[in-house]
Amino acid sequence: MERTTIKNIAEQAGVSITTVSCVLNGREMRISNATKKKVIKIANELDYHPNQLAVGLITKKTNTIGLIIPDISNTFFGELAKGAENRAAELGYNVFLCNTNDSTEKDLDYLRALLDRGVDGVILVPSGRGKDEKSPECFKLLDSCQKSFVILDRTKTGDKYLGISLDHKGGGFIATDYLIKNGHKKIGCITGPLGMLNSYRRYQGYVEALSKAGIKYDDCLVKEGNYHISDGVELAESLFRKKVTAIFACNDLMAFGVFQAARKRGLRIPEDLSIVGFDDITYSEFMEVPLTTIRQPALEMGKCAVEKVVEMINNPDYKRDKIIFEPKLIERNSVKNIGGDTDGSKERA
Ligand code: RIB
């Protein structure tokens, strides 16, 4: 069925296109109430919806925001997107969600596609494992496109952009320190891709906590993963052989992989092996042994990103200060105290 235009409404109402446009856009003109009522009645009967692209050409606004995320199958990003979409709807914006499978090539493709469609702003969680082939081109395009944008979660030091992320180093420290306070000294660490700053920061937190407790750092206990469940499964094996008593997995999906590897080897959690994750995604509390983890307030971070990008849309001179969210230890049942001094006083979920 053909899309209704304001020309169709004008013909049916017996008025000019200008009159229809003024009535539908609430522009003040000397139009009788009877005419206004007739135009609105016909517009509803014909199920008229303005073509947003046409509107955008005139108002230079489409009330849409692009959200580019690396992995929609990871509920951490699902929560980010949900927080963003909920807030965008409250502020009268639609969100175009783009999933890039962690490819910087797709970051660039989607960025171009969103800008071609006239989005008013962009929220980008950059892809890439540190070998960011297309990342420089992405940021060059963002710099040149005169659009408001926010970098979410995977910010980089020295960015001149408005970045929103967690204190990843603080989170890595809290996770490791909690294991140490529970008496663990031989603690394995399965990191995210260390070319990515947020992964490297979590690893730094692990190293700092060991150092603060006077525990000698052993590089053999650190394995670099890719934030997938399979990494946890494969890399845990090599740590079991090192006889670690605990593993800090730098995201919950890899912690799930450690669980799976432990089960295969007949190791009980937490009796034989303690595990701490990172993110606190939806399923972590429902694991057969609820996972102790570090919470990233993903819903709030997504909401905050939309609020900031809309503030920039409305005020291009808006201050681009970085926003850092605090990590929070969510203590559940996957860590055993093997002689530490924790009094269980940690903040509970
Ligand atoms: O789980 C995926 C990880 O990558 C999360 O920790 C998040 O920080 C993202 O960058």
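Residues numbered from 1 in each chain as written. Predicted model: local features only at pLDDT ≥ 70, side-chain atom pairs only at ≥ 80, totals over all residues. Heavy atoms only, no water.

Novice: I keep staring at the state of the cysteines and nothing clicks. Help me out?
Specialist: Following the criterion strictly, the structure yields zero disulfides and no others. Cys304 forms no disulfide, and the closest cysteine sulfur to it belongs to Cys145, at a distance of 20 Å. Since its relative accessible area comes to 10%, Cys304 is described here as buried. (Disulfide = S-S within 2.5 Å. Buried < 20%, exposed > 50% of the residue type's maximum accessible area, 1.4 Å probe, protein only.)

Novice: Where do I start with unusual backbone geometry in this structure?
Specialist: A negative phi angle is the norm for most residues apart from glycine, just as the trans form is the norm for most peptide bonds. Of the consecutive residues Ile269 and Pro270, the connecting peptide bond is found in the cis state with omega at 0 degrees. At Gln146, a residue that is not glycine, the phi angle is positive and equals roughly 60 degrees. As for its placement among the helices and strands, Gln146 is situated in the loop between helix H7 (135–144) and strand S4 (148–152). Unlike most non-glycine residues, Asp153 shows phi in positive territory, near 75 degrees. Mapped onto the elements, Asp153 comes out in the loop between S4 and strand S5 (162–166). (Helix = DSSP H or I, 4+ residues; strand = E, 2+ residues; numbered from the N terminus.)

Novice: For this particular structure, what's the right way to read the domain arrangement of the protein?
Specialist: Often, the extent of an interface is quoted as the loss of accessible area on bringing the components together. What the domain assignment lists for the protein is domain 1 (6–50), domain 2 (61–166 + 298–325) and domain 3 (168–296 + 328–348). Look at where the C-alpha atoms of domain 1 and domain 3 centre, and you get two points 63 Å apart. (Domains from an automatic or database assignment.)

Novice: Sorry if this is basic, but what is going on with the side chain of Thr155 here?
Specialist: Examined against the element boundaries, Thr155 turns out to sit in the loop between S4 and S5. With near-sequence residues (within four places) excluded, Thr155 lies in contact with Gly163, Ile164, Ser165 and Leu197. (Contact = heavy atoms within 4.5 Å.)

Novice: Could you clarify how one ought to interpret the site of the ligand in this entry?
Specialist: Around the ligand, a shell composed of Asn74, Phe76, Phe77, Asp153, Arg154, Asn198, Arg202, Tyr227, Asn251, Asp279 and Gln296 is seen. Residue Arg202 places a side-chain N or O atom 2.7 Å away from an oxygen atom belonging to the ligand. Between the ligand and Gln296 there is a distance of 3.0 Å, counted from an oxygen atom to a side-chain nitrogen or oxygen. Summarising the interface, the protein chains cover 99% of the accessible area of the ligand, which totals 280 Å² for the free molecule. Of all the secondary-structure elements, those providing two or more residues to the shell around the ligand are helix H5 (75–90) and helix H9 (197–212). Here the shell around the ligand spans two domains, since at least three of its residues come from each of domain 2 (61–166 + 298–325) and domain 3 (168–296 + 328–348). (Near = heavy atom within 4 Å. Polar contact = N/O pair within 3.5 Å; in protein donor to acceptor, adjacent residues only side chain to side chain. Areas by Shrake-Rupley, 256 points an atom, 1.4 Å probe, with all protein chains shown as cover.)

Novice: Can you walk me through the sheet that holds strand S11 (residues 323–325) in this structure?
Specialist: Taken together, the six strands give an open sheet; going across it, the order is S2-S1-S3-S4-S5-S11, and neighbouring strands pair in parallel fashion. In this open sheet, the two edge strands, each paired with only one partner strand, are strand S2 (94–99) and S11. Strand-to-strand twist in this sheet, taken as the mean axis angle between neighbours without regard to direction, amounts to 15 degrees. As defined by bridge partners, strand S1 (residues 64–69) adjoins S2 across six bridges and the pair is classed as parallel. The residue of S2 that forms the bridge with Leu67 is Leu97. The strands touched by H5 are S1, S2 and S4; relative to S2, the strand with the most contacts, the crossing angle is about 165 degrees. Each of S1, strand S3 (121–124), S4, S5 and S11 touches helix H12 (residues 298–314); the most contacted strand, S4, lies at about 160 degrees to it. (Pairing = 2+ DSSP bridges. Axes fitted to C-alpha atoms, helices over the stretch in contact; angles between N-to-C directions.)

Novice: What's the story with the sheet that holds strand S9 (residues 274–276) in this structure? I'm lost.
Specialist: Consider a sheet: its strands pair through backbone hydrogen bonds, and that pairing is either parallel or antiparallel. The strand order S7-S6-S8-S9 describes an open sheet built from four strands, whose pairing is parallel. The open sheet has two edge strands, strand S7 (222–224) and S9, and neither has a second partner. With direction set aside, neighbouring strand axes in the sheet form an average angle of 15 degrees. Where strand S8 (residues 246–249) and S9 come together, three bridges link them in parallel fashion. Counted as the bridge partner of Ala246 is Ser274 from S9. Docked against the sheet, helix H8 (residues 168–181) engages strand S6 (187–191), S8 and S9, running at close to 170 degrees with respect to S8.

Novice: Teacher, can you tell me more about the packing of aromatic side chains here?
Specialist: In this description, an aromatic ring pair is defined by two values, namely the gap between the centres and the angle between the planes. Evaluated as defined, the whole model comprises six aromatic pairs. A centroid spacing of 5.2 Å and a plane angle of 50 degrees characterise the contact between Phe149 and Tyr161, whose relative ring orientation is tilted. Placement of Phe149 in strand S4 and of Tyr161 in the loop between S4 and S5 is noted, with a sequence separation of 12 residues between them. Ring centres of Tyr203 and Tyr217 lie 6.3 Å apart, and the angle between their planes is 75 degrees; this geometry places the pair in the edge-to-face category. (Phe/Tyr/Trp six-rings, centres within 6.5 Å; stacked < 30°, edge-to-face > 60°.)

Novice: Before we go on, may I ask you to explain the pattern of salt bridges in this structure?
Specialist: Side chains that differ in charge, positive against negative, can pair when their charged atoms come close. Under the criterion given, the structure shown has 17 salt bridges. In this structure, the salt-bridge partner of Arg87 is Glu90, at a minimum N-O distance of 2.6 Å. With Arg87 and Glu90 both in helix H5 and three residues apart, the pair spans about one turn of that helix. One network of salt bridges, with partners in common, ties together Arg87, Glu90, Lys303 and Glu307. (Salt bridge = Lys/Arg side-chain N within 4 Å of Asp/Glu carboxyl O.)

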